[in-house]
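# Chain and residue survey
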Amino acid sequence: MSLVLHQKDLTKLINELSNKWPVFGPVKDKKNAEIRFEPITSTKNLFLNNSSSIIPPKKFVFPAKEAMFHFKNNHIEVKQKKEMIILGMNRKDAEGFFYLDKLMTNPVCDDSYLEKRKVVKLIVIDSLTPSNSLNCDLYLQRVDEKNYLVYPYSSFGEEIIKSKLFSHGGSVGTISTRHFPDNVTHHPRLDEIVENSREHPIWDRLAETCFNCGICSYVCPLCYCFETEDNFEITKNIEKDCKGCRNRKWDSCMLPDFNKVTFHNFRPKAKDRIYNWYYHKFVRMPREYGFPGCIDCGRCISSCPANINYREVLKELIKDDRK
Amino acid sequence: MTENNTIPFQMKITKTIGLAPMVKSLKLSFSDPKQANSFSFKPGQFVLLSVLGYGESVLTITSATSDLPQIEVAIRSVGNNTQALHRLKVGQTVFVRGPFGNSFDLSKMAGREVVVIAGGIGLAPLRSLIKTFEHEPKNVGVLKILVGAKNPEELIFKSDLVNWQKFAKVLLTVDTADKSWSGYQGLVTKLLKEAEVNAKAIAVICGPPVMFAPLVKELKSIGLKDENIYLMLERKMKCGIGKCQHCTCGGKYVCLDGPTFSWAEIKDNWEAFL
């Protein structure tokens, strides 16, 4: 018999959880209809329809800006991270987490990421069957209007389902499937095609339209490049009384100064930066990790002020490959 | 390394030495004896050195492993953090992460002719290799050291250069000579002829990227194989662990796969020599 959670009990579950942990979920902004992951205590504003938030939930494990450690007079303090629950991301975003985890912990583990990741608990909600690419705690599959099928994935998930809200058996609807459009990012020769496209005129064309704003990186669930920056407080005697922190913050390889050192910029041309963005996602990453740096969520397309669409770019490269 | 590879550990400055007008060498010892015991490195590896509040700088270790539990680094004062490092005095604290990066392939060099070619401050990382040969001569057959600098004042590790003549052929050149200079003048490429480099030698190059193309061309015309010509690449290495993406170079991470690459590895890399 399968484990079931009734739709009407979801609010109770969120209630139970939010008594112990901060819970975040996708919430729809009434004014401009944007979806954002925000604190929730009930299903009141929860918006579960598989559509994408503007900023992916990666922000919980990899915030736009966060202190890695604080310091005071040559003493370093690493603050203990607090547990939190992210509830209601769809399967695609959950897969984004799975890939991001692989990227950040292999071949060398980023210990700051891991420390943060350990305290972020994921409860995925989607109508699709769980896939093999998940690194979550609990998966709730919506099988009909009234029921969720429940799959625990970790000891934390096992702990949650001890609640009386979960029951065995009950009526279970038919499993729905969602149709994804042809995913160009899974073309079998894509790495080769992108690698060989360095002389393709498309890169010059994109360089003319791209604003170099970096938004495509910020909204990407699998972009993870970062900058570190030291901050210190201005005190009366700064030599003797120095305190501050070292922040890690989002960066983007599309920004003109991304590769700049004091006297030299190693990637000064927009054309090379754009090619590098595609090269990383569709050449280097598949070869290094076995998957592309793209879950095909389309966030970068909706956010790009220059209307650059990677699906169109890749299709053009594939089309021109044999010419 | 601390338990967390993104959190630095403490070291203390035990000596500062002025090497050139903007270049200082710092000798560092570990504040924590446990750290001193667990720390090891190989010639060619780098550390990220920091004055808290000022950021981190990539610095290749210039001492040999036999100098442990102390390490040395050479710092050119160019940015916030390197300027802050220059202001520090003996006894003061710095913060360190590492070591990171690959190292020179010593097993390949044993018994063979090794030609070390440095331009300017590029001699700093190569000093670790040269000092290793000094302490363990079996690691090398014949050692030739070729160094170029802008002018005699910019030549770093002068006393070492004198000392190294005891076991290596040391040739120096400057772009602009002054009255004190009676040696070679011109590019370091010129020294290759004087050095009588063997076709089977291994060359290790570190210096400004403008040196790379003419040196590689010359070395290849002498008969050196692509896999025996090593270059040290510089990039904006921020994290040291292959994550932040600042140091990527085509399919390579300079902080993980490098900073030392053979010519065979990177000659076709689309952005190694942009």
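### Thoughts on the overall build of chain A
- A count of helices and strands for chain A gives 10 helices and 14 strands.
- Relative to its length of 323 residues, chain A is compact, with a C-alpha radius of gyration of 22 Å against a globular reference of 20 Å.
- Dimensions of chain A along its principal axes, counting C-alpha atoms only, are 65 × 65 × 40 Å.
- Relative to its full complement of 323 residues, chain A shows a buried share of 36%.
- Summarising the internal contacts of chain A: among those between residues at least 6 apart in sequence, 65% fall at separations of at least 24.

### Structural notes on the overall build of chain B
- When helices and strands are tallied, chain B shows 8 helices and 15 strands.
- For chain B, whose C-alpha radius of gyration is 18 Å, the value lies close to the compact-globule estimate of 19 Å for 274 residues.
- Expressed along its principal axes, the backbone C-alpha trace of chain B runs to roughly 50 × 45 × 35 Å.
- Classification of the 274 residues of chain B by burial places 51% in the buried group.

### Quick notes on the pairing of strand β5 (residues 70-76) of chain B
Residue and element names in this part refer to chain B.
- The buried count for β5 comes to 6 of 7 residues, which makes it a mostly enclosed element.
- Both strand β2 (residues 23-30) and β5 contribute to a ladder of 7 bridges, which runs antiparallel. Across the sheet, residue V23 finds its bridge partner in β5, namely R76.

### Here's the deal with the interface of chain A and chain B
- In this complex, chain A contributes 33 residues to the contact, which on the side of chain B involves 28 residues.
- Elements with a minimum of two residues in the side of chain A that touches chain B: β4 (65-72), α3 (111-119), β11 (226-232), β13 (260-261) and α8 (270-289) of chain A.
- Considering each element in turn, the side of chain A that touches chain B owes the most residues, 5 residues, to β11(A).
- Here the residues of the side of chain A that touches chain B sort into 16 nonpolar, 7 polar and 10 charged.

### A short note on the pairing of strand β12 (residues 243-250) of chain A
Residue and element names in this part refer to chain A.
- Bridge count between β4 and β12: 7 bridges; the pairing is antiparallel. Across the sheet, the residue bridging to F69 is R246, located in β12.
- Of the strand pairs in this sheet, β11 and β12 are connected by 7 bridges, and their pairing is antiparallel. The partner of D230 across the bridge, within β12, is R246.

### A word on the nonpolar core
All names here are of chain B.
- Core analysis: the largest hydrophobic core is formed by 85 residues, its most contacted members being V116, I117, I156, A203, V204 and I205.
- Looking at which element gives the most residues to this core, the answer is helix α4 (residues 123-135), with 6 residues.
- Two domains each put at least three residues into this core: domain 1 (9-100) and domain 2 (106-232).
- Apart from residues lying up to four places away in sequence, V204 is in contact with F104, V114, V116, I117, L126, L129 and Y230.

### Observations regarding the sheet that holds strand β2 (residues 23-28) of chain A
Residue and element names in this part refer to chain A.
- What the 8 strands build is an open sheet, ordered β3-β2-β6-β7-β8-β9-β1-β10; its pairing is mixed. The sheet is open, and its two edges are formed by β3 (35-39) and β10 (166-168), each paired on a single side. Strand-to-strand, the axes of this sheet are offset by a mean angle of 30 degrees, without reference to chain direction.
- In this structure, strand β1 (residues 3-6) lies alongside strand β9 (residues 147-152), joined through 3 bridges in antiparallel fashion. Looking at β9, one finds that V4 is bridged to L149.
- Across the sheet, helix α2 (residues 91-105) lies against β6 (84-89) and β7 (120-126), angled at about 145 degrees from β7, the strand it touches most.

### Description of the environment of A:D93
Residue and element names in this part refer to chain A.
- Tracing the backbone shows D93 in helix α2.
- Taking the C-alpha atoms as reference points, D93 and N247, 154 residues apart in sequence, are found 26 Å from one another.
- Sequence-distant contacts of D93, that is, excluding residues within four places in its chain, are made with P56, P57 and P221.

### Brief notes about the sheet that holds β5(B)
All names here are of chain B.
- Pairing within the open sheet is antiparallel, and its 6 strands lie in the order β4-β3-β6-β1-β2-β5. Both edges of this open sheet fall to β4 (56-60) and β5, since each of them pairs with a single strand only. Averaged over all pairs of adjacent strands, the angle between strand axes in this sheet comes to 40 degrees, irrespective of strand direction.
- For strand β3 (residues 46-50) and strand β6 (residues 93-100), the ladder comprises 4 bridges, and the chain directions are antiparallel. For S50, the partnering residue across the bridge sits in β6 and is F95.
- Sheet strands touched by helix α2 (residues 80-87): β2, β3, β4, β5 and β6. Its angle to β5, the strand with the most contacts, is close to 120 degrees.

### Section: the domain arrangement of chain B
Residue and element names in this part refer to chain B.
- Entries for chain B in the domain assignment read domain 1 (9-100) and domain 2 (106-232).
- A separation of 24 Å is found between the C-alpha centroids of domain 1 and domain 2.
- At the interface, 15 residues of domain 1 touch 13 residues of domain 2.
- The set of elements that each furnish at least two residues to the side of domain 1 that touches domain 2 consists of β1 (9-20) and β5.
- Grouping the amino acids of the side of domain 1 that touches domain 2 by side-chain chemistry returns 8 nonpolar, 6 polar and 1 charged.

### Some details on the domain arrangement of chain A
Residues and elements named next belong to chain A.
- If you check the domain split of chain A, you get domain 1 (3-66 + 76-168) and domain 2 (184-320).
- Taking the mean C-alpha position of each, domain 1 and domain 2 sit 26 Å from one another.
- Taken residue by residue, the interface counts 19 residues in domain 1 and 14 residues in domain 2.
- Every element with two or more residues in the side of domain 1 that touches domain 2 is listed here: β4 and α2.
- With 9 residues, α2 is the largest single contributor of residues to the side of domain 1 that touches domain 2.

Parameters and conventions
- Residues numbered from 1 in each chain as written.
- Chains lettered and ligands numbered in written order.
- Predicted model: local features only at pLDDT ≥ 70, side-chain atom pairs only at ≥ 80, totals over all residues.
- Helix = DSSP H or I, 4+ residues; strand = E, 2+ residues; numbered from the N terminus.
- Rg over C-alpha atoms; globule rule 2.2 N^0.38 Å.
- Buried ≥ 20, exposed ≤ 12 C-beta atoms within 10 Å, placed from the backbone.
- Contact = placed C-beta atoms within 7 Å.
- Pairing = 2+ DSSP bridges.
- Nonpolar A, V, L, I, M, F, W, Y, C, P; charged D, E, K, R; others polar.
- Core = buried A, V, L, I, M, F, W, Y, C linked by C-beta atoms within 7 Å.
- Domains from an automatic or database assignment.
- Axes fitted to C-alpha atoms, helices over the stretch in contact; angles between N-to-C directions.

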